[in-house]
Amino acid sequence: MDQSILNQMCRAQLELSGVREGELVVVLSRGHERLDYADAFLNAAQGLGAKTYHLRLPMAAARGGQWTVGVTPLAENPEAVDALKKADMVVDLIFLLFSKEQMAIQAAGTRVLTAIEPAPLLARLFPTKELRERVEVGAEILSKARVMRITSRHGTDITYKIGKYPTISEYGYTDQPGRWDHWPAAFVFTGGADDGVDGQLVLAPGDVLLPFNTYVTSPVTYTIEKGVIQDIRGQLDAELIRSYMDSFGDPRGYGVSHIGWGLDERAQWHGLTSFPGGIGMELRSFFGNVLFSSGPNSELGGPNDTPCHLDIPMRGCSLFLDDEPILIDGDVVVKDMLPASRRR
Ligand SMILES: [Fe+2]
């Protein structure tokens, strides 16, 4: 993407994120990754009258090409963490999510925006205030519920006891102290109580396996008891999931992680057919998906910090909170979460 367009987008992003004169915005990157993003954010922050600098870390040794969450080069750089805590806003071009270091930076009152997706996706799913409002409606409803039940015509019937962990909203920008967000994103989630998830989950053809970046081709049945996946049955997809999870050698990878639903009508379920790269935020965000995930719950303040994490956006599910329908067959049924074009 042309650097001047990237500059304009990052300027609009920092405006939404409330960057103002006199604030300190630190841009964090590593190695040679996203130096064009770093330039654009520095330019934008400066243009808005903020103080700004670029903190660039070396590449950490990758673990066999796997997507390991929570492991970042900040762990070896406590001095860098201290510097980031002094910022009003950190632009994270690395992906710090699930790390202790990100939690510490947020706890210091610093807001954090992650931006690692390809620039065309940043543009196409650019955050809006209208989308934020609908995501916040979802978060409000979710935060008050105590039981989440998800069903599907494929055989899913699973219940989460919720309320122990916070509800998190993601709408693509952040203007509140200590709050994290990810550009682009539009969904809400929470986690079940550690021993409070039970039932059966059936992945259907077309459901999405992240980080494989593939679509499920045949049904996969998860049996879950007391918050732990006991069994994953099916054909090739099930074997691939089990093989991937077992490669971490960490039974905590079989824990159940966050659960919620997507709200961006611009995000396309078929986004992987012309996948621009990145980590699949479009698939997490598409309207009416139920996002099931396994592995860590450290992001929510829980004890499981395994690096083995799968996110699985599912189509066609119904989701109930305290028996009230929120989604029916993959479509949102709460009016205030619908896009304006569907409220008339
Ligand atoms: Fe996730």
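Coordinates for the structure precede this section.
Notes on the structure in this doc start here. In this text the structure is predicted, and so the values were computed from the model without any measurement.

### Examining the overall build of the chain
Piece 1. Looking only at helices and strands, the chain has eight helices and 20 strands in total.
Piece 2. In terms of principal-axis extent, the alpha carbons of the chain reach across some 55 × 50 × 40 Å.
Piece 3. Looking at the chain residue by residue over its 344 residues, the buried ones come to 57%.
Piece 4. Sequence separation of at least 24 residues holds for 69% of the intrachain contacts in the chain that already meet a minimum separation of 6.
Piece 5. A gap of 2 Å separates the mean positions of the 33 positive and 44 negative side-chain charges of the chain.

### Some thoughts on the nonpolar core
Piece 1. By size, the foremost hydrophobic cluster in this structure holds 76 residues, and its most contacted members are Phe 41, Tyr 160, Leu 203, Tyr 222, Trp 261 and Phe 292.
Piece 2. When residues of this core are assigned to their parent elements, the largest contribution, seven residues, is made by helix H2 (residues 35–47).
Piece 3. Leave out the neighbours within four places in its chain, and Tyr 222 touches Gly 199, Gln 200, Leu 201, Leu 203, Ile 229, Asp 231, Ile 232, Ile 241, Phe 292 and Ile 312.
Piece 4. Grouped together as the second largest cluster of nonpolar side chains are 30 residues, Leu 97, Ala 185, Phe 189 and Ile 279 included.

### What about the coordination of the iron ion?
Piece 1. Coordination of the iron ion by the protein comes from His 258 (NE2), His 309 (NE2), Asp 311 (OD) and Asp 311 (OD), over a distance range of 2.1 to 2.4 Å.
Piece 2. Every donor counted, the four donor atoms about the iron ion form angles of 54 to 123 degrees at the centre, which fits irregular coordination.
Piece 3. As a motif over one chain, the donors of the iron ion read H-x50-H-x1-D. Of this pair, His 258 sits in strand S15 (residues 256–262) while Asp 311 sits in strand S17 (residues 310–314), placing them 53 residues apart in sequence.
Piece 4. Assessed through its relative accessible area of 4%, His 258 is described here as buried.
Piece 5. Looking at Asp 311, the relative accessible area reads 3%, which means it is buried.

### As for the sheet that holds strand S3 (residues 89–92)
Piece 1. Strand order across the open sheet formed by five strands is S2-S1-S3-S4-S8, with parallel pairing between neighbours. The outermost strands of the open sheet, each flanked by one partner alone, are strand S2 (51–57) and strand S8 (180–182). Direction aside, neighbouring strands of the sheet carry axes that sit 20 degrees apart on average.
Piece 2. With four bridges connecting them, strand S1 (residues 24–30) and S3 associate as parallel partners. Across the sheet, the residue bridging to Val 27 is Val 91, located in S3.
Piece 3. Where helix H3 (residues 78–85) meets the sheet, it contacts S1, S2 and S3, and its direction lies at approximately 160 degrees from that of S2.

### Considering the environment of Ser 29
Piece 1. Tracing the chain through its elements places Ser 29 in strand S1.
Piece 2. Taking the C-alpha atoms as reference, Ser 29 lies 8.6 Å from Pro 58; in sequence the two are 29 residues apart.
Piece 3. Setting aside residues no more than four positions away along its own chain, Ser 29 makes contact with Leu 35, His 54, Leu 55, Arg 56, Leu 57, Leu 93 and Ile 94.
Piece 4. Within the structure, Ser 29 has its side chain in polar contact with the side chain of His 54 (distance 2.7 Å).

### Looking at helix H7 (residues 236–246)
Piece 1. For H7, the complete set of buried residues consists of Asp 237, Ala 238, Ile 241, Tyr 244 and Met 245. Buried residues of H7, seen end-on, are gathered within an arc of 135 degrees and therefore sit on one face of the element.

### A word on helix H1 (residues 3–16)
Piece 1. Compared with the 20 Å implied by 1.5 Å per residue over 14 residues, the 20 Å span of H1 between its first and last C-alpha is a close match.
Piece 2. Elements that come into contact with the buried residues of H1 comprise H2, S3, strand S4 (111–114), helix H5 (119–124) and helix H6 (129–144).
Piece 3. Just downstream of H1, Gly 18 is the residue with a positive phi angle, here 70 degrees.

### A look at the side chain of Ser 169
Piece 1. Within the secondary structure, Ser 169 is located in strand S7 (residues 168–170).
Piece 2. Ser 169 has contacts with Val 135, Ala 139, Arg 179, Asp 181, Phe 187 and Val 188, leaving out every residue within four places of it along the chain.

### Regarding unusual backbone geometry
Piece 1. Geometrically, the link from Trp 183 to Pro 184 is a cis peptide bond, its omega value of 0 degrees lying close to zero.
Piece 2. The omega torsion of the bond from Leu 210 to Pro 211 falls at 20 degrees, within 30 degrees of zero and hence cis.
Piece 3. Residues other than glycine seldom take positive phi values, yet Asp 323 does so here, at roughly 75 degrees.
Piece 4. With respect to the secondary-structure elements, Asp 323 resides in the loop between strand S18 (318–321) and strand S19 (324–328).
Piece 5. The phi dihedral of Asp 329 is positive, around 50 degrees, even though this residue is not glycine.
Piece 6. As for its position among the elements, Asp 329 is in the loop between S19 and strand S20 (331–332).

Thresholds, definitions, all that
Residues numbered from 1 in each chain as written. Predicted model: local features only at pLDDT ≥ 70, side-chain atom pairs only at ≥ 80, totals over all residues. Heavy atoms only, no water. Helix = DSSP H or I, 4+ residues; strand = E, 2+ residues; numbered from the N terminus. Buried < 20%, exposed > 50% of the residue type's maximum accessible area, 1.4 Å probe, protein only. Contact = heavy atoms within 4.5 Å. Lys, Arg positive; Asp, Glu negative; His and termini not counted. Charge placed at Lys NZ, Arg CZ, Asp CG, Glu CD. Core = buried A, V, L, I, M, F, W, Y, C linked by side-chain atoms within 4.5 Å. Donors = N, O, S within 2.8 Å, 3.2 Å for Na, K, Ca; no water. Tetrahedral: all angles 85-135°; square planar, octahedral: opposite > 155°, others 65-115°. Pairing = 2+ DSSP bridges. Axes fitted to C-alpha atoms, helices over the stretch in contact; angles between N-to-C directions. Polar contact = N/O pair within 3.5 Å; in protein donor to acceptor, adjacent residues only side chain to side chain. Arc of directions from axis to C-beta. Expected span 1.5 Å × (residues − 1).

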